[in-house]
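Next come the chains, spelled out residue by residue.
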Amino acid sequence: MRRFSVSILIVLALVSGARAEPTAIALDFLAGAWELRDASGKVLGTSVVEIQEAGAVLFERRTVGEGKPQSLWLVNAENPAGWGQLFLGPKRQVREFRAMSAPGAWPIVMGGEFVTQDGKATRFRMTMTRGSGDDTRRVLELSRDGGANWSTAFDYTYVRQGGKP
């Protein structure tokens, strides 16, 4: 009887654990070529997004103005659960914006804290909002006072080039 009770407890723990994990939003719809536009609609740059692992890893090559292309990875992380972003910092080390919003919820919010080139600890928060399958908005904000006040670093609307891939 004791063996039977232990087996039931193990099964219940597994079942309840499986239900506790929320499902992340699929971002594979981002695959394709994009224009980056400001609030007035002016084209500021371009982006190409490729699926590296369906539902888990997207690679983005973004170019703004005459600047050097930037490599970004959107990753569906296990802990904390949800979408985060990896990118290269100024010393060519990988930086991470970790998931801050609940998996499965829009907008997607991710962020991190880094020491900037001027030596100041700075919090960053990136919010991605979905307009449709053919446009999304990404706003990067920063705070140098521990999150009491935020200023906008960029506000891009991604508009798909030439229709769906």
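Per-chain numbering applies: the sequence of each chain, read as written, is numbered from 1 onward. The predicted nature of this model means local features are confined to residues of pLDDT at least 70 and side-chain atom pairs, given and counted, to a pLDDT of 80 or more, with totals for whole chains, interfaces and linings taken over all residues. Heavy atoms throughout the structure, all of them, feed into the side-chain values; hydrogens and water do not.

Chemist: Which parts of the structure should I look at to understand the sheet that holds strand S3 (residues 57-64)?
Modeler: Consider a sheet: its strands pair through backbone hydrogen bonds, and that pairing is either parallel or antiparallel. Reading around the circumference, S1-S2-S3-S4-S5-S6-S7-S8-S9-S10 is the order of the 10 strands in this closed barrel, with antiparallel pairing throughout. Each strand of the sheet is rotated relative to its neighbour by a mean of 25 degrees, with strand direction disregarded. Note that strand S9 (residues 135-143) and strand S10 (residues 151-160) share eight bridges and pair antiparallel. Bridge pairing links aspartate 135 to valine 159 in S10. At least two bridges found by DSSP between two strands is the condition for calling them paired. Segments assigned H or I by DSSP are reported as helices when at least four residues long, segments assigned E as strands when at least two residues long, and all are numbered from the N terminus. A fitted line through C-alpha atoms serves as each axis, taken over the contacting stretch for helices, and the angle formed by two N-to-C directions is quoted from 0 to 180°.

Chemist: Looking at this model, I keep getting lost on unusual backbone geometry. Mind explaining?
Modeler: Excluding glycine, residues mostly carry a negative phi; peptide bonds, for their part, are mostly trans. Omega for the peptide link from asparagine 79 to proline 80 comes to -5 degrees, which places this bond in the cis form. Tracing the sequence through the fold places proline 80 in the loop between strand S4 (70-77) and strand S5 (82-88). Each neighbour pair has its own omega, and for tryptophan 106 with proline 107 the value is -5 degrees, a cis peptide bond. If you trace the backbone, proline 107 turns up in the loop between strand S6 (94-99) and strand S7 (108-115). Of note, arginine 92 is a non-glycine position whose phi angle comes to about 65 degrees, a positive value.

Chemist: I would appreciate a short explanation of the nonpolar core in the present structure.
Modeler: Among soluble globular proteins, nonpolar side chains are generally buried collectively. The biggest cluster of nonpolar side chains holds 24 residues, and the ones touching the most others in it are Leu27, Leu30, Leu74, Trp83, Phe97, Ile108 and Met110. Of all the secondary structure elements, the ones that give two or more residues to this core are strand S1 (32-37), S4, S5, S7, strand S8 (121-132), S9 and S10. Working rule for contacts: check all heavy atoms of both residues, and any pair within 4.5 Å makes them a contact. Ignoring sequence-local partners within four residues, the contact set of phenylalanine 97 consists of Gly84, Gln85, Phe87, Met110, Gly111, Gly112, Phe114, Phe124, Met126 and Leu140. As used here, the term nonpolar core means buried Ala, Val, Leu, Ile, Met, Phe, Trp, Tyr and Cys residues forming a set that is joined through side-chain atoms within 4.5 Å. A simple rule labels every residue: compare its accessible area, found with a 1.4 Å probe on the protein chains alone, to the largest value its type can have, and call it buried under 20%, exposed over 50%, or partly exposed in between.

Chemist: Which parts of the structure should I look at to understand the pattern of salt bridges?
Modeler: Pairs may arise between side chains of opposite charge once their charged atoms sit close together. Take a side-chain nitrogen of Lys or Arg and a carboxyl oxygen of Asp or Glu: if they are within 4 Å of each other, that pair is a salt bridge. Counted according to the given criterion, the structure contains eight salt bridges. Arginine 138 is paired through a salt bridge with glutamate 60; the nearest N and O atoms lie 2.7 Å apart. Of this pair, arginine 138 sits in strand S9 while glutamate 60 sits in strand S3, placing them 78 residues apart in sequence. Comparing arginine 138 with glutamate 60, the two get one shared label, buried. Salt-bridge contacts for arginine 137 lead to aspartate 155; the nearest nitrogen and oxygen are separated by 2.6 Å. Of this pair, arginine 137 sits in strand S9 while aspartate 155 is found in strand S10, placing the two residues 18 residues apart along the sequence. Residue classification places aspartate 155 among the partly exposed positions, given a relative accessible area of 27%.

Chemist: I'm lost on the side chain of arginine 160 in this one. Help?
Modeler: Within the secondary structure, arginine 160 is located in strand S10. Under the relative-accessibility criterion, arginine 160 is labelled buried at 9%. At a separation of 2.8 Å, a polar atom in the side chain of arginine 160 contacts the main-chain carbonyl oxygen of alanine 31. Here a polar contact is taken to be a pair of N or O atoms separated by no more than 3.5 Å, where protein atoms must pair a possible hydrogen donor with a possible acceptor and residues adjacent in sequence count only if both atoms sit in side chains. Engagement of the side chain of arginine 160 in a polar contact is seen with the side chain of aspartate 134, the distance being 2.8 Å.

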